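Summary of the model geometry
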There are 2 protein chains.
Amino acid sequence: MLNKKKQLLFEKQAQIAKAIAHPLRIAIVNYLRNGPQCVCDIAEQVGSERSNVSRHLSVMVSAGVLEYRKDGLKVIYKLKTPCILEFFSCVTRVLKQQARDNEKLLKVL
Amino acid sequence: MLNKKKQLLFEKQAQIAKAIAHPLRIAIVNYLRNGPQCVCDIAEQVGSERSNVSRHLSVMVSAGVLEYRKDGLKVIYKLKTPCILEFFSCVTRVLKQQARDNEKLLKVL
DNA sequence: TTATAATATGAGTATATAGTCATATAGTCA
DNA sequence: TGACTATATGACTATATACTCATATTATAA
């Protein structure tokens, strides 16, 4: 059985993972590779309502993945911990492995 | 706006992120660092019902994060793409940053 | 064959999350 | 000031996810 400390750590880690575990949020993180962007441009880029994007952004801020600054009317969001991007290189490896597996399966059929 | 290909990629990536975005699943992945384990031992370790653990395991298998082999009555699960573990080193960095931020905040109060 | 054990899964409930619309808030500028 | 713009949020609905219990499936071994 796990102790309380470990459980708390796993919950925190899960919160961060959850913060990026959504197609729209991944699209946002991906867009922010190019540098800081306002909500309106992000919404335009990912093709969703501003109110919806605003919510997704605040989830990622709470999780510590993004940070923002205000600039006049606009609010500019940016990646806080760019190591998040490393995660995607692993994810890509997983996807490539899946593709190879599917290929093998196809040959057997 | 995003094209269809990108959207599909982001959905796949989100599926993988979702597969580990849960405290129990993180506990499982963490336990599997030590090597392959059966459902009963995993359930014991993480402190949850076997049926529940079994479901979590199958989610991670579908996402390509885990794989399994049968051994008599037991089913042995293991990490398929250990690079998933790298994700946690980033997550740890995020958490440390949060801790630093909180410290700063405390000093201001 | 029968009893037992490990695992998986259907069905149900409870909870969490996403998305939309309307509205509030705050900054800009004529 | 008043009109306008960007963003955030409350309230709601729809959907997804987690968990539990009962049951099915599969393998083992007496």
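Our structure is the block above this text.
Rules behind the numbers
- Residues numbered from 1 in each chain as written.
- Chains lettered and ligands numbered in written order.
- Predicted model: local features only at pLDDT ≥ 70, side-chain atom pairs only at ≥ 80, totals over all residues.
- Heavy atoms only, no water.
- Pairing = 2+ DSSP bridges.
- Helix = DSSP H or I, 4+ residues; strand = E, 2+ residues; numbered from the N terminus.
- Near = heavy atom within 4 Å.
- Polar contact = N/O pair within 3.5 Å; in protein donor to acceptor, adjacent residues only side chain to side chain.
- Nonpolar A, V, L, I, M, F, W, Y, C, P; charged D, E, K, R; others polar.
- Salt bridge = Lys/Arg side-chain N within 4 Å of Asp/Glu carboxyl O.
- Buried < 20%, exposed > 50% of the residue type's maximum accessible area, 1.4 Å probe, protein only.
- Least-squares fit on C-alpha atoms with pLDDT ≥ 70 in both.
- Contact = heavy atoms within 4.5 Å.

Points about the pairing of strand S2 (residues 66–71) of chain A
Within a regular strand, side chains alternate between the sheet's two faces. Residue and element names in this part refer to chain A. Looking at chain direction, S2 and strand S3 (residues 74–79) are connected through six bridges and run antiparallel. Bridging from a neighbouring strand, Lys70 pairs with Val75 of S3. What sits between the antiparallel neighbours S2 and S3 is a turn of two residues, in which Gly72 has the positive phi angle 65°.

Things to note about the protein's contact with DNA strand D
Taken together, 21 residues are adjacent to DNA strand D, and Cys40(A), Ser54(A), Arg55(A), Tyr77(A) and His56(B) come closest. Looking at DNA strand D alone, sugar and phosphate atoms form 69% of those within 4 Å of the protein. Within the side chain of Ser54(A), an N or O atom sits 2.6 Å from a phosphate oxygen of DNA strand D. Listing elements by their share of the surface near DNA strand D, those giving two or more residues are helix H3 (39–46), helix H4 (50–62) and S3 of chain A together with helix H4 (50–62) of chain B. Of the residues assigned to the surface near DNA strand D, the class counts are seven nonpolar, seven polar and seven charged.

Examining the pattern of salt bridges
Scanning all chains against the criterion turns up six salt bridges over all chains. Asp101(A) is the salt-bridge partner of Lys80(B), the closest N and O atoms lying 2.3 Å from each other. Separated into two different chains, Lys80(B) in the loop between strand S3 (74–79) and helix H5 (84–108) and Asp101(A) in helix H5 (residues 84–108) make up a pair that spans both. With a relative accessible area of 22%, Lys80(B) lands in the partly exposed category. Taking relative accessible area as the criterion, Asp101(A) reaches 23% and is therefore assigned partly exposed.

Considering the relation of the copies chain A and chain B
For the pair chain A and chain B, the superposition axis carries a translation of 0.0 Å, the fit reaches an RMSD of 0.0 Å, and the rotation angle comes to 180°. What the rotation and shift describe, once combined, is the action of a two-fold rotation axis. The rotation axis passes nearest to the C-alpha of Phe87(A) in chain A, at a distance of 2.7 Å. Looking at chain A, 100% of its interface residues are interface residues in chain B too, so the copies touch through the same face.

Coordinates in, geometry out; function isn't part of it.
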